[in-house]
Amino acid sequence: MTSTTRLTVAQALVRFLSVQYTERDGVRRRLIDATWGIFGHGNVAGLGQALIEYADEMPYHQGRNEQSMVHAAVGYARQSNRLSAHAVTTSIGPGATNLVTGAALATINHLPVLLLPGDTFAGRVADPVLQQLEVPYAGDVSVNDCLRPVSKYFDRVTRPEALIPAALNAMRVLADPVETGAVTLALPQDVQAEAYDWPDEFFAERTWYVRRPAADPAELAEAIRAVRASQRPLIIAGGGVHHSRAEAALAEFASATGIPVASTQAGKGSLNHDHPQDVGGIGHTGTATADELARLADLVIGIGTRYTDFTTGSHTLFERPGVRFLNLNIGAYDGHKLAGQPLIADARAGLTALTRELGPDAYRVTESYIAEYREDKERWEQRVDACYEAEEPDVRPTQPQVLGALDEIVDASDILINAAGSLPGDLHKLWRTRSFDQYHLEYGYSCMGYEIPAAIGVKLAAPDRPVWALVGDGTYLMMPTEIVTAVQEGIAIKVLLIQNHGYASIGGLSESVGGERFGTAYRHRSPADGSYTGAPLPVDLAANAASLGMRVLRAKTVSDLREALAVARAADTPTCVYVETETADTVSGAPPAQAWWDVPVAATATRSSAVKARELYERHVSTRRRHL
């Protein structure tokens, strides 16, 4: 007879999660290392009670906003190379629907997080309960169904015994490097508290092996032929390089062949900034060096990239007639993009195989090609120096000068987190990465409000390293509440808060497409015409951060900033550096976009700004091509 243990569904789930492990390359880790939670009537008596019951086995973190709890979990998962993740539990209703944005971010970025929202009564004895959405045409629908399209796996556990296959499937997807993303197990509140006799083998330790699939020999042979036939190849390193921990393999392959390496936002840091083959970011926010190489490349070798529109310049960047694509990717869906030659494999395994066959004795680009991109890279570095330099240290800094001041004090141990606004463009063009995981940009969903909670997650995964959340005033106002969590838990993140009085990135985009920066400034309305062109709002974000318990250092000048950043870096408590930047274009501003981005412009308009923007738009559109 099979031995059993009588537990509630919630208790069984927590106990099950506490004994799940991943293993890759002989390294074993807890798959679900902790649970975030905000409790209400949908989970307080179920998962809330279970987390107390098994507090020694499952660490708990208290959050302030459901979306930000997911962001913290995502930050932890990325810093853990997707080998360890967090769970997030919420009540029903608003608590559950607040998960949707975070779930979309996790799934788009292929980062694991387990979502455990409460749900309405499975027995339907108390319909409708508080916060329940009634759907007249379907009795089995709740607000949790909003999570279906943004989850890689979704199940509603309506009977105790259904938890067993649901939980096992959830772990399978979370640990799968191709399928991973947000996984949702919706848990009706009556089922959470229901008791059941569970087979003890359900609670046995289980290891989920994270695969490194090797390339198919036929695909590898085709890839080798493609590289050998190329004269101006270019590598695009995407986030898959980091997820696979293939940075050393990439460096070896690039050094052996001399092929230059550009990087997406997710892939930046795949090579350190001073590696001879590194040419910086690519695409709309990339460097002139990388983008010019892309325009002339005859073979583009994408490694772990999804080829988003920022990377491809909305399909205008790769201009050379007959350019071909070789896509090394663990997922077949991405491996076939741009009609490319797929090389479906783990990034490290694929690069190792390519290096074995294409070492310096078998293939190497010409010395003239190497000299060309190194000279271009040097010229770009001079532009970076000019952006960072502050000739007058006692004046208000520009945003690039803020990055320059930070650049002066960090080393390879520092981690920078950003996601939205004008900072991603400046960072992609200008930041000099010193380690493979220093540059943490969430640009798959580019979600405002990600930075502060993600910094908490990263710091939990890397407690001995300085972790910086770089935020503008717009993104800060979206989600500053997890500062309270950092203060409560003593998580010594550093927040660099840059005040430029509005949505700087969208303001610039608006101006470029004929929108005249409408609705993008944080200013009073003008009495003359009602537009937002009055004085800046008297909002003191530094005081706000201080009111949430954070130590705040105000910097008015470049000199102040340097001093404040050094103090913050050395701090062992949550610390914020607040600085107001110049908003006008200056000689030290970041270089403009080096590639196009397609944001459609009004086809008809009377205002001259929109008419001119449309003329420019049509010129760019005419250069777009389909790679077939």
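Note: the structure precedes this text.
Not measured: the values here are computed from a predicted model.

Peer 1: Which residues make up the overall build of the protein chain, and what are the values?
Peer 2: Looking only at helices and strands, one finds 24 helices and 23 strands in the protein chain. Along the longest, intermediate and shortest principal axes, the C-alpha atoms of the protein chain span 75 × 70 × 55 Å. Burial analysis of the protein chain (628 residues in total) assigns 56% to the buried set. Summing over all exposed atoms, the protein chain offers an accessible surface of approximately 24900 Å²; the carbon and sulfur share of this is 52%. Mean positive and mean negative side-chain charge positions of the protein chain (57 and 74 charges, respectively) differ by 3 Å.

Peer 1: Which residues make up the packing of helix α3 (residues 66–79) against helix α5 (residues 99–108), and what values go with them?
Peer 2: In contact at an axis separation of 7 Å, α3 and α5 are set at 20 degrees when each is read in the N-to-C sense. Of the possible angle classes, the one that applies to α3 and α5 is roughly parallel. Helix-helix and strand crossings are classified by hand; for α3 and α5 the assignment is right-handed. Residues Glu66, Gln67, Val70, His71 and Val74 of α3 lie in contact with α5, whose contacting residues are Leu99, Thr101, Gly102, Ala103, Leu105 and Ala106. Taken together, the residues of the contact of α3 with α5 sort by class into six nonpolar, four polar and one charged.

Peer 1: Lay out the pattern of salt bridges with the relevant residues and their values.
Peer 2: For the coordinates displayed, the defined rule picks out 33 salt bridges. Arg295 is the salt-bridge partner of Glu319, the closest N and O atoms lying 3.9 Å from each other. Linking Glu319 in the loop between α12 (309–312) and β16 (324–329) with Arg295 in helix α11 (residues 288–296), this pair joins segments that are 24 residues apart in sequence. Between Glu511 and Arg517 there is a salt bridge, with its nearest N and O atoms 3.2 Å apart. Judged by relative accessible area, which is 49%, Glu511 ranks as partly exposed. Connected via shared salt-bridge partners are Asp25, Arg212, Asp346 and Arg348.

The rules we used
All chains use their own residue numbering, which begins from 1 and follows the written sequence. In keeping with the predicted nature of the model, local features appear solely for residues at pLDDT of at least 70, side-chain atom pairs appear and are counted solely at 80 or more, and the whole-chain, interface and lining totals rest on all residues. Calculation of side-chain values draws on the structure's entire complement of heavy atoms; hydrogens and water are dropped beforehand. A run of H or I in DSSP counts as a helix once it spans at least four residues, and a run of E counts as a strand once it spans at least two, with each numbered from the N terminus. Accessibility here uses a 1.4 Å probe with only protein chains present; expressed as a share of the type maximum, an area under 20% marks a residue as buried, one over 50% as exposed, and anything in between as partly exposed. Surface accessibility in these figures is a Shrake-Rupley result with a 1.4 Å probe; residues are shielded only by whichever protein chains are displayed. Within this scheme the basic residues Lys and Arg register as positive and the acidic residues Asp and Glu register as negative, but His and the chain ends are omitted. The atoms used to mark charge sites are NZ of Lys, CZ of Arg, CG of Asp and CD of Glu. Axis definition: a line fitted to C-alpha atoms, limited for helices to the stretch in contact. Angles are taken between N-to-C directions and run from 0 to 180 degrees. Under this scheme an angle from 65 to 115 degrees is roughly perpendicular, one under 35 degrees roughly parallel, and one over 145 degrees roughly antiparallel; angles in between are oblique. In this scheme the handedness of a crossing depends on how the near helix is turned from the far one: anticlockwise by less than a right angle means left-handed, clockwise means right-handed. Here, two residues are considered to be in contact whenever any of their heavy atoms come within 4.5 Å of each other. We call Asp, Glu, Lys and Arg charged. Ala, Val, Leu, Ile, Met, Phe, Trp, Tyr, Cys and Pro are nonpolar, and the rest, Gly among them, are polar. A side-chain nitrogen of Lys or Arg and a carboxyl oxygen of Asp or Glu constitute a salt bridge if their distance falls within 4 Å.

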